[in-house]
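Structure at a glance
Each chain, written out:
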Amino acid sequence: MENKKNIVLIGMMGAGKSTIAHLLDEKLQDFQYLDIDKEIEKLAQKHIEEIFALQGEAHFRKLEHEMIQKYANYHNQVIATGGGIVENIDNIKLLKKNGIIFYLKASADELLSRVNKTNIRLRPMLKHPNPKQRLKELINKREPFYKMADFEINTEKKELLQIVDEILQKYDATN
Ligand code: S3P
């Protein structure tokens, strides 16, 4: 099988990384779907929020980095990352080696409305009296690093399949 660069999705919680990665995977033969958070949960045999509660964020970040070190070496993957991978700049560098990185962007209002549709309590980074304020703080802190992506995709007011097509067009243009 030909080695093709990974498609790596980065961005905040609620940006749609996992959903869009699944849709990309459905469209692409010979690509594997990989969700870094799910791999961490399998390895730790705990949910993300339990890892945060029992062992703290620093431990979670260590597991996240180890997982990226491992999978950044392979090709032909659609990789959904956790929103905080940019907390360690080495993660971006590793993922760039064999991958094209897409930053899925949305405003704090939009992100909040999307995470509110799932269970916000499962998002340890949003355990805060004012989750919207927290999202804004995280966006401000992380955006310079998200912008290290090869492409920025604005996800607001777009159909999911439109976003998928935009990513594939840009990805194909890099080959
Ligand atoms: C985090 C985002 C989560 C998960 C963890 C930390 C963050 O992933 O990795 O709760 O720091 O933004 P999603 O972006 O898939 O929600």
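Higher on the page you've got the structure.
Residues numbered from 1 in each chain as written. Predicted model: local features only at pLDDT ≥ 70, side-chain atom pairs only at ≥ 80, totals over all residues. Heavy atoms only, no water.

With that settled, the discussion passes to the overall build of the protein. Within the protein one finds 7 helices and 5 strands. Element order for the protein, N to C, with α for helix and β for strand: β-α-β-α-α-β-α-β-α-α-β-α. Relative to the 2.2 N^0.38 estimate, which gives 16 Å for 175 residues, the radius of gyration of the protein is 15 Å and therefore close to what a compact globule would have. Summarising its shape, the C-alpha atoms of the protein cover approximately 45 × 35 × 25 Å along the three principal directions. Here the protein holds 175 residues, and the buried ones make up 46% of them. A sequence separation of at least 24 residues applies to 75% of the contacts in the protein between residues at least 6 apart. By element, 50% of the accessible surface of the protein is carried by carbon and sulfur atoms, the whole surface being about 9100 Å². (Helix = DSSP H or I, 4+ residues; strand = E, 2+ residues; numbered from the N terminus. Rg over C-alpha atoms; globule rule 2.2 N^0.38 Å. Buried < 20%, exposed > 50% of the residue type's maximum accessible area, 1.4 Å probe, protein only. Contact = heavy atoms within 4.5 Å. Areas by Shrake-Rupley, 256 points an atom, 1.4 Å probe, with all protein chains shown as cover.)

Before going further, it helps to examine the environment of Leu63. The topology assignment puts Leu63 in helix H3 (residues 48-71). Sequence separation of Leu63 and Gly14 is 49 residues, and the distance between their C-alpha atoms is 21 Å. If we skip the residues at most four places from it in the chain, Leu63 touches Ile40, Ala44 and Ile51.

For an α-helix the count is 3.6 residues per turn, leaving residues at separations of three or four pointing the same way. Taking 1.5 Å per residue as the helical rise, helix H7 (residues 160-173) with its 14 residues ought to reach 20 Å, and the 20 Å between its terminal C-alpha atoms agrees with that figure. The complete set of buried residues in H7 reads Ile163, Val164, Glu166, Ile167, Leu168 and Tyr171. Buried positions along H7 lie against strand E1 (6-10), helix H1 (17-27), strand E4 (99-105) and strand E5 (151-154). (Expected span 1.5 Å × (residues − 1).)

Within the chain, Gln45 stands out as a residue other than glycine whose phi angle is a positive 55 degrees. Inspection of the secondary structure assignment puts Gln45 in the loop between helix H2 (36-44) and H3. Phi is positive for Asn76, close to 55 degrees, though the residue is something other than glycine. Within the secondary structure, Asn76 is located in the loop between H3 and strand E3 (77-80).

Tallied over the entire structure, the rule returns 5 aromatic pairs. On the basis of an interplanar angle of 55 degrees and a centroid distance of 5.8 Å, the ring pair of Tyr71 and Tyr74 is categorised as tilted. Given a relative accessible area of 13%, Tyr71 falls into the buried group. A residue is classified by how much of its surface remains accessible, and Tyr74, at 44% relative accessible area, is partly exposed. Their ring planes at 20 degrees and their centres at 5.4 Å tell us that Phe102 and Phe151 sit as a pair that is stacked. Highlighted residues: Phe102 in strand E4 and Phe151 in strand E5, separated in sequence by 49 residues. (Phe/Tyr/Trp six-rings, centres within 6.5 Å; stacked < 30°, edge-to-face > 60°.)

Here we come to the site of the ligand. Taken together, 13 residues surround the ligand, and among them Lys17, Arg61, Gly83, Arg123 and Arg142 come closest. In this structure, Lys17 approaches the ligand through a side-chain N or O atom, which is 2.6 Å from an oxygen atom. Coverage of the ligand by the protein chains reaches 92% of its 380 Å² of free accessible surface. The biggest single contributor to the shell around the ligand is H3, with 3 residues. (Near = heavy atom within 4 Å. Polar contact = N/O pair within 3.5 Å; in protein donor to acceptor, adjacent residues only side chain to side chain.)

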